[in-house]
Amino acid sequence: MTCLPENPSGKKLGLVTDLDICVGCHACAVQCKEWNTNGISGPLSDTDPYGADPSGVWFNRVHTYEIEDQEDGTSRTVHFPKSCLHCDDAPCVTVCPTGASYKRAEDGIVLVNPDTCIGCKLCSWACPYGAREYDQAEGVMKKCTMCVDRIYNENLSEEARIPVCVSTCPAGARHFGDLGDPTTDISKLVAERNGFDLMPGMGTAPVNKYLPPRSGAARTKALGAPRMLSIDQPPKKKAGRLTSWIDQVLSGGKV
Amino acid sequence: MHPAKSVIFFTTATGAGYGLLVALFAYSLLGEAPADNSFTWGAFFSAFFLIIAGLLSSTLHLGHPMRAWRALSQWRSSWLSREGVAAMLTFIPAGLFLYSWLTFGMTSVYTFLFGALTAILSLATVYCTAMIYVSLKAIPAWRNLWTLPVYLSFSIMTGTVLFNFLVELFAVPTSRLPLYSSVGFLLYGYLFKGFYWVFVKSAPKVATIQSATGLKASSIRQLDAPHDSANYLMDEMGFRIARKHARKLWPLSIFFGFVAPTAILALSFVSNLGGDVYPAGLALFYMTIGVVIERWLFFAEAKHVVTLYYGEEKV
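Residues numbered from 1 in each chain as written. Chains lettered and ligands numbered in written order. Predicted model: local features only at pLDDT ≥ 70, side-chain atom pairs only at ≥ 80, totals over all residues. Heavy atoms only, no water.

The next point concerns the packing of aromatic side chains. Counted according to the given criterion, the structure contains 37 aromatic pairs over all chains. Each ring, one from B:Y133 and one from B:F299, has its centre 5.6 Å from the other, and the planes form 80°; the classification is edge-to-face. With B:Y133 in helix α4 (residues 109-134) and B:F299 in helix α11 (residues 277-300), this pair connects stretches of sequence that are 166 residues apart. As far as burial versus exposure is concerned, B:Y133 and B:F299 are alike and both buried. Aromatic ring contacts, followed pair by pair, group A:W125, B:Y133, B:W142, B:Y151, B:Y196, B:F298 and B:F299 into a single cluster. (Phe/Tyr/Trp six-rings, centres within 6.5 Å; stacked < 30°, edge-to-face > 60°. Helix = DSSP H or I, 4+ residues; strand = E, 2+ residues; numbered from the N terminus. Buried < 20%, exposed > 50% of the residue type's maximum accessible area, 1.4 Å probe, protein only.)

Below is the structure:
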């Protein structure tokens, strides 16, 4: 049934992406494709994969933006991974005419049943974020499953039961957890770092959040990075006797 | 938005078919339709043909046309599903409308009852079609006050001009009402379309690259796209070809869809050429070209907010 769940459990499994530290390596996107092409939504077909104009199904895409004149006057490059935001008020679900799209009451994950999808693409029109993909080969819509075939998979070790984009990120820019519970680490992270929604004006109430890039000073402080040394600053530690003598000799006795 | 040919044919053909059913009801109610069985058969056949051909064509853009029946199940939440249900329901009173017209005559109470039900369900189907587009927040151009009146008035307009032609084709017209109402509905349809175009040109933008990315910076420029080549989203949602030619196309739509048929029909009643099938047919032909261009522009001009991630600054 494509109505949104009437009695959601309150659990909202979601992702948090830290735009401050994403390095734009595309590992999440590639590993996502790798896992999901073998997973419940697979295969994720490609057309003309080795030709001049390749195209294919991707659940994760990384954009790179150049931003100028931030609030602190600086400019920088921001890498921007984007996948389904598993919205609370998911327009892709309610427009579905067949009931193939649904939002799970137990954890808020939005999924597509490939056996009843007619491939009308209306869900991709309804989604403001471009999270819906049309599989040309199979004629059905596909999307991020929040790695539902990993996170509940008892054949995997407990630490591996997280979405593959999170486990593969070398920079630790992606986080996974229950965003419906304010006491979880991920919810605290969002609160602490002023996590935000994409296009809040669309009324979709996304579950996934983004953490903003931090200004240079704030980031240095947060990361505990050492202060840059000034060339004029006298060294804190006095040089030893031998070093001082060599310095004196080489400087022509002027020091 | 990518203008799928099957969807353009679907909305144009079913719009005219349902508009024709509404016109048949209105004229039977007034007792102004030709009392000629060949007209009745011809008109109902045209309406059913347009509706069935349109519905079949709409399934052609599906990934799985054979599963189309499943689309009737989610009427509680989906306008697309409601459209399908309304379209299927309309066939029942429409068949009975034809039956009672042929059996009891156009002014009988049964013809009135089934005709009224047919007209209501026909308009409801067109209403649902329009609401599919109006309900999409991600496509701000469609989310305005005029989309719904344009769909309804274009349905009645195309249906009436078609009705006028069928009267000329199958019978000797006894009244000039079809001619007058054709001109009236052409004016009315393109008046709403005019408001729609003014809105699309002047409406405030609802989303920006800043709101799409949440980044607080005055200038945001895409440095690298996710892929070297276009993906599904860019082909389906970022269609640009017609948008580029929009300035040339909408005057053509107004000329073919409104100016030419109105002039031909007006001339035919001023110069007493009425009662001739050729001007009525020519007006129908020109109007169809204009309406197809209009429908093409409806899709091609509409920008989807996902294009913000791919280089658009405001939508």
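With that out of the way, let us pick up α11(B). Helical geometry note: an α-helix holds 3.6 residues per turn, so side chains three or four residues apart project in the same direction. With 24 residues, α11(B) should cover 34 Å at 1.5 Å per step; its first-to-last C-alpha distance of 35 Å lies within 8% of that length. Between the side-chain oxygen at the start of α11(B) and the backbone nitrogen of B:Y278 there is a gap of 3.1 Å, and the oxygen is on B:D276. (Expected span 1.5 Å × (residues − 1). Polar contact = N/O pair within 3.5 Å; in protein donor to acceptor, adjacent residues only side chain to side chain.)

Turning next to the pattern of salt bridges. In this structure the tally under the stated criterion is 16 salt bridges over all chains. The residue B:E301 makes a salt bridge to B:K201 at a minimum N-O spacing of 3.2 Å. On the criterion of sequence distance, the pair formed by B:E301 in the segment after α11 and B:K201 in helix α6 (residues 177-202) is long-range, its members being 100 residues apart. For B:E301, a relative accessible area of 11% corresponds to the buried category. Note on B:K201: relative accessible area 55%, which makes it exposed. The closest approach of N and O atoms between B:K303 and B:E312, which form a salt bridge, is 3.1 Å. Since its relative accessible area comes to 13%, B:E312 is described here as buried. By sharing partners, the salt bridges in this structure join A:D20, A:R76 and A:R214 into a single network. (Salt bridge = Lys/Arg side-chain N within 4 Å of Asp/Glu carboxyl O.)

This brings us to unusual backbone geometry. Residue and element names in this part refer to chain A. With an omega of -5°, the peptide bond running from G42 to P43 counts as cis. Position of P43 among the secondary structure elements: in the loop between α1 (27-38) and β2 (46-47). Backbone geometry places D48, a non-glycine residue, at a positive phi of 50°. Looking at the secondary structure, you find D48 in the loop between β2 and β3 (55-56). The class of D48 is partly exposed, set by a relative accessible area of 39%. With a phi angle near 55°, N194 is a residue other than glycine that sits in the positive phi range. In this structure, N194 sits in the loop between α6 (185-192) and β11 (209-211). Assessed through its relative accessible area of 58%, N194 is described here as exposed.

Attention now moves to the nonpolar core. Within the largest apolar cluster, 135 residues are counted, with the highest numbers of intra-cluster contacts made by A:W125, A:M199, B:L24, B:F39, B:W142, B:F163 and B:Y309. The leading source of residues in this core is helix α1 (residues 5-30) of chain B, at 13 residues. When neighbours within four sequence positions are excluded, A:W125 is seen to be in contact with B:M1, B:Y133, B:L136, B:A138, B:I139, B:W142, B:E236, B:M237, B:F299 and B:H304. Core analysis: the next-biggest nonpolar cluster, separate from the first, contains 12 residues, A:L13, A:I109, A:I151 and A:C165 among them. (Core = buried A, V, L, I, M, F, W, Y, C linked by side-chain atoms within 4.5 Å. Contact = heavy atoms within 4.5 Å.)

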